[in-house]
Amino acid sequence: MDVSALLLSRIQFAFTLAFHIIFPAFTIGLAAWLTFLEALWLATRRPVYRRLFDFWLGIFGVAFGIGVVTGIVMAFQFGTNWSELARRAGSIQGPLLGYESFTAFALEAAFFGVLMFGREKVPRWFYLMSCFMVAAGTSLSAFWIMVSNSWMQWPVGFAMGPGGVFIATDWSAIVFSPVAWVRYPHMILAAYLTSAFCVAATGAWHLLRGSFKSDARVMLRMGLGIAAILVPVQLLFGHLVGDYTHDKQPTKFAAIEARWHDEQPASEVLIAWPDQEHERNRYAVSIPYLGSLIGSMSFHSKEVGLTSFPAADRPPVLIPFFAFRIMVGCGLLMLGLAWFGTLFMTSGGLERKRWFLWATFCSFPLGFIATLTGWFTAEVGRQPWTIYGQVRTADAVTPFLTTPQVAVSLLVFCAIYALIFLAGAVYIYRLLQRGPVQLPSFEGAATNPKRPLSMTGHSPGVRAGAPTLEMGE
Amino acid sequence: MISFWTCALGLSILLYVTLDGFDLGVGMLFPFAPNETARRHMLAAISPVWDGNETWLVIVASILFGIFPLVYSTLLSALYLPLMVMLAALILRGLAFEFRYKSRGFRRFWDFGFTGGSFVAGFIQGTAVGALVEGLAIQDGRYVGGPFGWVSPFALLCGLGLCLGYCLLGAGWLTYRTAEDVQSFAFRLLPRLMVAVLVFLAAIFVLALALDLRVMHRWLEQPELALFPVVGVVASCIFFVAIRKHYPLVPFLCGSALFAAAFGTLAVSFYPYMVPFSITIQEAAAPHQSLAFLFWGAGVFVLPITLVYTLVVYFIFKGKVDPDAEYH
């Protein structure tokens with residue numbers, strides 16, 4: 001077994017996954033928001049909802065496209081780089097990811113076409129349903145991914161067959177695993193919050209520029225309002241995820257807390273520089289009793305430290321420790337912004353507080369950073385296991401993979417993803433900057449020659465009508 | 001249960017090859033289009049459906065992963081480098097749809113990615129099939145061929161052949177979805193492409209005979225396999241009649257029939273092996289629990305629904321394209 005092929009495979013998987021997750025985190029929430037806007041537009045007929053819908057649909061298209069093409073990479077990497085994992089656990093993870101492809105991926109991919117190109121070709125109810133289908137597809141996709149990943153965090157409902165093959169004995173235990181059912185809402189809420197802050201930040205940006213004021217106002221208020229409700233719920237689910245980690249993955253929990261030795265009562269390390277080699281923290285700032293309170297809701301409980309486990313079973317501490325703190329920091333910032341924003345909304349003058357608009361504008365990466373660091377915490381904290389307690393990462397990698405092979409593929413992915421990221425960021429930025437296109441005249445028509453026909457024969461209030469199947473003939 | 005999933009896998013592969021085949025084919029023909037308007041028409045002819053078509057590739061991968069994990073882990077790791085390059089190619093191809101119209105000054109670059117990505121993806125898929133037909137070096141269920149064990153003249157020839165086949169499907173699709181000069185452009189290309197495909201098929205056949213591949217013995221042993229070439233010949237005849245009379249869509253359907261015939265030949269000659277001649281379908285299958293779990297939900301319920309709404313989406317986007325109306 002070549003150690004560097006393993007290391008490079010890990011880097012490649014982490015890199016492609018981290019890059020991929022940015023886009024679903026954005027589109028899951030955006031799809032739900034688009035459905036909401038379309039329903040509001042149909043119900044109220046206020047043009048602002050339709051303008052916002054069209055505006056965000058373009059951005060959704062770019063992000064969704066990138067999410068799809070980078071997601072396909074993930075479907076292959078289990079076999080290319082982690083063939084031992086695939087051979088042994090494919091019988092459990094494979095069907096779960098199979099459900100993802102069947103129920104979610106196919107659904108969203110098919111209706112995405114209708115969403116982007118079909119408004120004029122289908123009845124209104126069908127278009128709204130397509131929005132819903134895409135939103136449902138993205139959420140279902142996340143569900144199956146979370147079930148599969150949660151099984152790797154806390155494997156249940158299986159027996160070991162010949163050749164180390166996992167045999168599922170209880171599918172309902174796997175699908176309805178309590179771990180999956182706290183981590184799934186945590187992920188979905190993370191996605192919703194990511195989108196909510198992007199929407200609010202875009203609104204704040206346009207308000208600061210003084211452009212598209214009425215639309216920007218709606219974006220700012222909707223984004224912050226949704227976040228004000230969702231952030232506290234997210235903190236609650238975050239706490240529940242922490243609870244399961246405490247009970248079921250004690251090594252991960254100890255790594256997050258940078259707790260090297262058993263403590264009773266335990267203190268909580270707020271910030272420190274964990275020193276893995278000497279098994280201690282440098283420059284630690286900690287609060288007594290708080291560690292026991294967080295871990296077990298009591299002031300006297302004993303909390304387990306990393307040295308209670310064999311060194312070969314301990315995760316690296318640095319990444320989970322800092323990633324977790326960054327995630328929580330982002331969450332608290334989001335809470336502050338959302339609640340103060342709501343306060344200013346009710347007391348009036350939200351749109352005049354330029355410092356607050358700047359703060360909201362700068363908050364757009366918070367959701368992405370929180371999602372990524374949350375995943376780093378979960379995945380690095382699970383090491384040295386791929387399937388916790390069952391399969392070590394070193395045993396999961398393709399045995400005959402050579403270092404040059406992985407080096408080449410990693411370089412190719414780095415180059416292509418850098419390109420995608422640059423281009424995607426530039427195009428999304430331009431779309432955001434251009435702002436909502438005004439109905440019914442479509443101001444942007446001059447710069448966008450592909451658009452004009454979309455309005456012929458349909459004033460915004462008029463029903464699109466039955467499918468115009470003979471278009472262009 | 002195993003037979004059901006084997007059929008589902010076969011169906012998914014066939015759907016991927018024909019559906020994304022025409023997308024990739026259009027991508028390959030893209031630079032040969034007479035002008036920018038024609039290119040827009042070509043892109044619009046596939047942009048609402050390419051995403052759904054590519055999903056069949058993911059479905060193929062996940063059926064392999066869930067139902068035949070041994071094949072999934074063996075094949076994908078054996079074909080490491082080509083698959084990575086194919087994924088990169090598919091990424092570039094897919095991005096062109098969204099990025100082409102949004103770029104300023106980089107359109108040529110995305111066009112190049114679109115065409116190059118289509119060529120490379122098609123070529124690698126063909127090469128992989130060729131390598132599989134020729135037989136990968138597998139001992140005791142483990143691949144021993146090294147990073148470039150899949151390269152051979154036969155496999156590379158299959159790669160070229162599949163590119164031509166995809167072009168054929170692409171041009172056939174264009175006769176259906178486009179009109180006027182794009183359509184006549186497609187009709188001009190089709191006979192040449194068909195002749196090239198038939199020449200390649202013959203060359204591959206002769207080479208297979210010359211190499212004395214084990215697959216060939218199975219063809220000689222099982223005379224009922226002759227059914228598939230007959231289907232192919234009939235499809236080719238209808239094809240040339242349709243070209244002469246300028247019937248739209250028919251060339252695409254004939255091309256699909258040709259693909260189905262070729263695929264059927266391969267599938268039957270592999271049987272009961274999945275990776276010839278080392279892993280049988282029985283050996284590859286996951287434990288019964290996994291098969292049943294996926295069967296009662298995804299197999300009985302979701303797969304048919306998926307097929308239905310795929311059809312619905314094709315119905316919505318039937319007829320000629322109007323890129324002005326369809327571009328978002």
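For clarity, every value in this text was computed on a predicted model and none was experimentally measured.

Concerning the overall build of chain B
- A tally of regular secondary structure across chain B gives 14 helices and 4 strands.
- Compactness check: chain B gives a C-alpha radius of gyration of 20 Å against a globular reference of 20 Å for 328 residues, within 12% of the reference.
- Burial analysis of chain B (328 residues in total) assigns 54% to the buried set.

Points about the overall build of chain A
- Looking only at helices and strands, chain A has 14 helices and 6 strands in total.
- For a compact globule of 473 residues, the expected C-alpha radius of gyration is about 23 Å, and chain A comes in at 24 Å, within 12% of that figure.
- Reported as C-alpha extents along the three principal axes, the dimensions of chain A are approximately 70 × 55 × 40 Å.
- A burial count over chain A gives 52% of its 473 residues as buried.

Brief notes about the packing of helix α2 (residues 47–80) of chain A against helix α4 (residues 69–78) of chain B
- For the pair α2(A) and α4(B), the least separation of the axes is 7 Å and the interaxial angle reads 95°. It follows that α2(A) is roughly perpendicular to α4(B) by the angle criterion. Residue-level inspection shows A:Phe76, A:Gly79 and A:Thr80 of α2(A) in contact with α4(B), the latter providing B:Tyr72, B:Ser73, B:Leu76 and B:Ser77.
- Of the residues contributing to the contact of α2(A) with α4(B), the split by class is 3 nonpolar, 4 polar and no charged.

As for the environment of A:Ser211
- When you line up the elements, A:Ser211 lands in the loop between α6 (178–209) and α7 (213–248).
- When the C-alpha atoms of A:Ser211 and A:Leu235 are compared, they prove to be 34 Å apart, with 24 residues separating the residues in sequence.

A few points about the interface of chain A and chain B
- Taken residue by residue, the interface counts 68 residues in chain A and 66 residues in chain B.
- Within the residue set of the side of chain A that touches chain B, elements represented by two or more residues are α2, α3 (83–117), β2 (166–168) and α14 (403–434) of chain A.

So, the confidence of the model for chain A
- Averaged over all residues, the pLDDT of chain A is 82; the fraction at 70 or higher stands at 92%.
- The low-confidence segment residues 441–473 of chain A, where pLDDT is below 50, has 51 contacts with residues more than four positions distant or belonging to other chains.

Considering the pairing of strand β3 (residues 268–275) of chain A
Residue and element names in this part refer to chain A.
- Here β3 pairs with strand β4 (residues 280–287) via 6 bridges, running antiparallel. The residue of β4 that forms the bridge with Glu-268 is Ile-287.
- Where β3 hands over to β4, the hairpin turn is made up of 4 residues, of which Glu-279 adopts a positive phi near 55°.

Examining the packing of α6(A) against α7(A)
Residues and elements named next belong to chain A.
- Here α6 crosses α7 at 155°, and the two axes come no closer than 6 Å. Compared by their axis directions, α6 and α7 come out roughly antiparallel. Crossing hand, α6 versus α7: left-handed.
- Its residues assigned to classes, the contact of α6 with α7 comprises 28 nonpolar, 7 polar and 4 charged.

With respect to unusual backbone geometry
- Residue A:Gln383 is joined to A:Pro384 through a cis peptide bond whose omega torsion reads 0°.
- For A:Pro384, the position within the fold is in the loop between α12 (366–382) and β5 (385–387).
- Positive phi outside glycine occurs at B:His246, with the angle close to 55°.
- Looking at where B:His246 falls in the secondary structure, it is placed in the loop between α10 (227–245) and α11 (250–270).

Digging into α3(A)
All names here are of chain A.
- Between its first and last C-alpha, α3 extends only 39 Å over 35 residues, short of the 51 Å set by a 1.5 Å rise per residue.
- Maximum bend of α3: about 85°, positioned at Gly-90.
- Within α3, 34 of the 35 residues are buried, which leaves it mostly tucked inside the rest of the structure.

Points about the environment of A:Phe368
All names here are of chain A.
- Looking at where Phe-368 falls in the secondary structure, it is placed in helix α12.
- A C-alpha to C-alpha distance of 15 Å links Phe-368 and Phe-64, two positions 304 residues apart in sequence.
- Ignoring anything within four residues of it in the chain, the contact list for Phe-368 reads Ile-22, Ala-25 and Thr-194.

Side note on the nonpolar core
- With 258 residues, the main nonpolar core has A:Leu34, A:Trp56, A:Ala200, A:Ala227, B:Val60, B:Phe68 and B:Leu87 as its most contacted residues.
- Among all residues touching B:Leu87, those that are not within four sequence positions of it are A:Ile72, A:Val73 and A:Phe76.

A few points about the environment of B:Val275
- Mapped onto the elements of the fold, B:Val275 is located in strand β3 (residues 273–275).
- With 47 residues separating them along the chain, B:Val275 and B:Phe228 place their C-alpha atoms 21 Å apart.

Here we look at the confidence of the model for chain B
- With 98% of its residues at a pLDDT of at least 70, chain B reaches an overall mean of 82.
- What the predictor reports for the complex is a pTM of 0.83 with an ipTM of 0.80.

The rules behind the values
Residues numbered from 1 in each chain as written. Chains lettered and ligands numbered in written order. Predicted model: local features only at pLDDT ≥ 70, side-chain atom pairs only at ≥ 80, totals over all residues. Helix = DSSP H or I, 4+ residues; strand = E, 2+ residues; numbered from the N terminus. Rg over C-alpha atoms; globule rule 2.2 N^0.38 Å. Buried ≥ 20, exposed ≤ 12 C-beta atoms within 10 Å, placed from the backbone. Axes fitted to C-alpha atoms, helices over the stretch in contact; angles between N-to-C directions. Parallel < 35°, antiparallel > 145°, perpendicular 65-115°, else oblique. Contact = placed C-beta atoms within 7 Å. Nonpolar A, V, L, I, M, F, W, Y, C, P; charged D, E, K, R; others polar. pLDDT = per-residue confidence, 0-100. Pairing = 2+ DSSP bridges. Left-handed = near helix turned anticlockwise from the far one by under 90°. Expected span 1.5 Å × (residues − 1). Bend = angle between axes of the 7 residues up to and from the residue. Core = buried A, V, L, I, M, F, W, Y, C linked by C-beta atoms within 7 Å.

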